[in-house]
Amino acid sequence: MNNDQKFTVLSSKIQILNKDVEMTEYIMQFAKSDFAAAVSEKANPHYAPEKVDPPPLEQESFGEEQSEETEPHPEPISKTTPEPEHKKLFKKIALLCHPDKLKWERPSTKRKRMKLFEKARKAITEDNYHSLTEIANELDIPIPTPTESQIKSLKSTILKIESDLKSKKSSFPWVWYHEEDPKKKEKIVETYVKQANL
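First, a word on scope: everything that follows refers to the structure included in this document. It should be emphasised that the depicted structure is a prediction, and the values quoted were computed from it without experimental measurement.

Quick notes on the rules
All residue numbers refer to positions counted from 1 along the written sequence of the respective chain. It should be noted that, the model being predicted, local features are given only for residues of pLDDT at least 70 and side-chain atom pairs only at 80 or more, the latter also being counted only at that level, while totals for whole chains, interfaces and linings use all residues. Values reported for side chains reflect all heavy atoms of the structure, with hydrogen atoms and water molecules removed beforehand. One side-chain nitrogen of Lys or Arg within 4 Å of one carboxyl oxygen of Asp or Glu is enough to make a salt bridge. A run of H or I in DSSP becomes a helix once it reaches four residues, and a run of E becomes a strand once it reaches two; helices and strands are each numbered from the N terminus. Three exposure classes are used, based on accessible area relative to the maximum for each residue type with a 1.4 Å probe and protein chains only: buried under 20%, partly exposed in between, and exposed over 50%. Side-chain rings of Phe, Tyr and Trp, where Trp is taken by its six-membered ring, are said to pair if the distance between their centres is within 6.5 Å; with planes under 30 degrees apart they count as stacked, over 60 as edge-to-face, and otherwise as tilted. Whether a charge lies above a ring is judged from NZ of Lys or CZ of Arg, which has to be within 6 Å of the ring centre and within 35 degrees of the ring normal. Axis definition: a line fitted to C-alpha atoms, limited for helices to the stretch in contact. Angles are taken between N-to-C directions and run from 0 to 180 degrees. Under this scheme an angle from 65 to 115 degrees is roughly perpendicular, one under 35 degrees roughly parallel, and one over 145 degrees roughly antiparallel; angles in between are oblique. Residue contacts are defined here by distance: any two heavy atoms, one from each residue, within 4.5 Å place the two residues in contact. Gly falls in the polar group here, along with every residue not listed as nonpolar (Ala, Val, Leu, Ile, Met, Phe, Trp, Tyr, Cys, Pro) or charged (Asp, Glu, Lys, Arg). The span you would expect from a helix comes to 1.5 Å times its residue count less one. The directions from the helix axis to the C-beta atoms are what the arc is built from. At every residue, the bend is computed as the angle between two fitted axes, covering the seven residues ending there and the seven beginning there respectively. Pairs of N or O atoms are called polar contacts if they sit within 3.5 Å, as long as, within protein, a hydrogen donor faces a hydrogen acceptor (for residues adjacent in sequence, only side-chain-to-side-chain pairs).

Observations concerning the pattern of salt bridges
Side-chain pairs of opposite charge can arise where the charged atoms are in close proximity.
Part 1 of the reasoning: Enumeration over the complete set of coordinates arrives at eight salt bridges.
Part 2 of the reasoning: With its nearest N and O atoms 3.0 Å apart, the salt bridge here joins glutamate 25 to lysine 168. Residue glutamate 25 is located in helix 1 (residues 3–43), and its partner lysine 168 is located in helix 5 (residues 148–169); the two are separated by 143 residues in the primary sequence.
Part 3 of the reasoning: Residue class for glutamate 25 comes out partly exposed when judged on its relative accessible area of 40%.
Part 4 of the reasoning: Given a relative accessible area of 27%, lysine 168 falls into the partly exposed group.
Part 5 of the reasoning: Residues glutamate 186 and lysine 42 are paired through a salt bridge, measuring 3.1 Å at the closest nitrogen-oxygen approach. On the criterion of sequence distance, the pair formed by glutamate 186 in helix 7 (residues 182–195) and lysine 42 in helix 1 is long-range, its members being 144 residues apart.
Part 6 of the reasoning: Through salt bridges with shared partners, a single network forms among Lys42, Glu186 and Glu190.

Here is the structure:
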């Protein structure tokens, strides 16, 4: 498989994963809200659930004991310099979307292009090759054959998205929300309340 074919396959996989992330985040809103109410009811049976603010839920996953000795370490901030090919692609995007270039455009086109420019600025800052190529495609900017480094970057993006999804889908709210057995749901709440020392 050549790099153009690899790019197509990997980009398609990223798009599918991003749709999964979107749906997961949408469902997670309901899962967190309902789980917080269940935790509040369990931890404080004499109070109405809406009056109690439960602890943050994202930090703990179901089935993982939290050690009091270890504190979470934030991920290091990546200060990568964008590849020259990424800069060239960004410049092509900027020629079509930079606010200074949009003075004579219709308001709807101007708004759309300004959003694309902001998205491109974020992508170049993070050296996110996939996002840059998506924006370029939307603007009908030709994308050169990807390098091995860019293919590696796409694979890395896939691994990160998959890891983030796995983390969300193993969280207490997610597992509780998708459990159908009421006894198991109760056990999940009890485990959370115990681990959170509520």
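A look at the packing of aromatic side chains
Part 1 of the reasoning: Tallied over the entire structure, the rule returns seven aromatic pairs.
Part 2 of the reasoning: Ring centres of phenylalanine 90 and phenylalanine 117 lie 6.0 Å apart, and the angle between their planes is 35°; on these two criteria the pair is classed as tilted. With a gap of 27 residues between them, phenylalanine 90 in helix 2 (residues 84–97) and phenylalanine 117 in helix 3 (residues 107–125) connect regions that are remote in the sequence. A single burial state applies to phenylalanine 90 and to phenylalanine 117, both of which are buried.
Part 3 of the reasoning: Among the aromatic residues, those joined into a ring-pair cluster are Phe35, Phe172, Trp176 and Tyr192.
Part 4 of the reasoning: Here the guanidinium or amino end of lysine 185 rests over the ring plane of tryptophan 176, the centre of that ring lying 4.2 Å away.

Considering the packing of helix 1 against helix 4 (residues 129–138)
Part 1 of the reasoning: The N-to-C vectors of helix 1 and helix 4 enclose an angle of 95°; their axes lie 11 Å apart at closest approach. Between helix 1 and helix 4, the interaxial angle falls into the category roughly perpendicular. Contact with helix 1, carried on its side by Phe7, Ser11, Ile14, Gln15 and Asn18, involves Tyr129, His130, Thr133 and Glu134 of helix 4 and no other residues of that element.
Part 2 of the reasoning: In terms of residue class, the contact of helix 1 with helix 4 is made up of three nonpolar, five polar and one charged.

A word on unusual backbone geometry
Trans is the common state for peptide bonds, and a negative phi is the common state for residues other than glycine.
Part 1 of the reasoning: At aspartate 127, a residue that is not glycine, the phi angle is positive and equals roughly 50°.
Part 2 of the reasoning: Examined against the element boundaries, aspartate 127 turns out to sit in the loop between helix 3 and helix 4.
Part 3 of the reasoning: One non-glycine residue, aspartate 140, adopts positive backbone phi at about 60°.
Part 4 of the reasoning: Within the fold, aspartate 140 resides in the loop between helix 4 and helix 5.
Part 5 of the reasoning: Since its relative accessible area comes to 68%, aspartate 140 is described here as exposed.

Side note on helix 5
Part 1 of the reasoning: For helix 5, built from 22 residues, the straight-helix expectation of 32 Å at 1.5 Å per residue is met to within 8% by its first-to-last C-alpha distance of 32 Å.
Part 2 of the reasoning: When helix 5 is considered as a whole, its buried residues turn out to be Gln150, Ile151, Leu154, Ile158, Ile161 and Leu165. Axial view of helix 5: buried residues confined to an arc of 110°, hence all on one face. Opposite the buried face of helix 5, at more than 90 degrees from it, the exposed residues are Glu148, Lys152, Leu159 and Lys166.

Quick notes on helix 1
Part 1 of the reasoning: Methionine 28 marks where helix 1 bends most, by close to 25°.
Part 2 of the reasoning: Measuring from the backbone nitrogen of aspartate 4 back to the side-chain oxygen at the start of helix 1 gives 3.0 Å, which picks out asparagine 2 as the cap.

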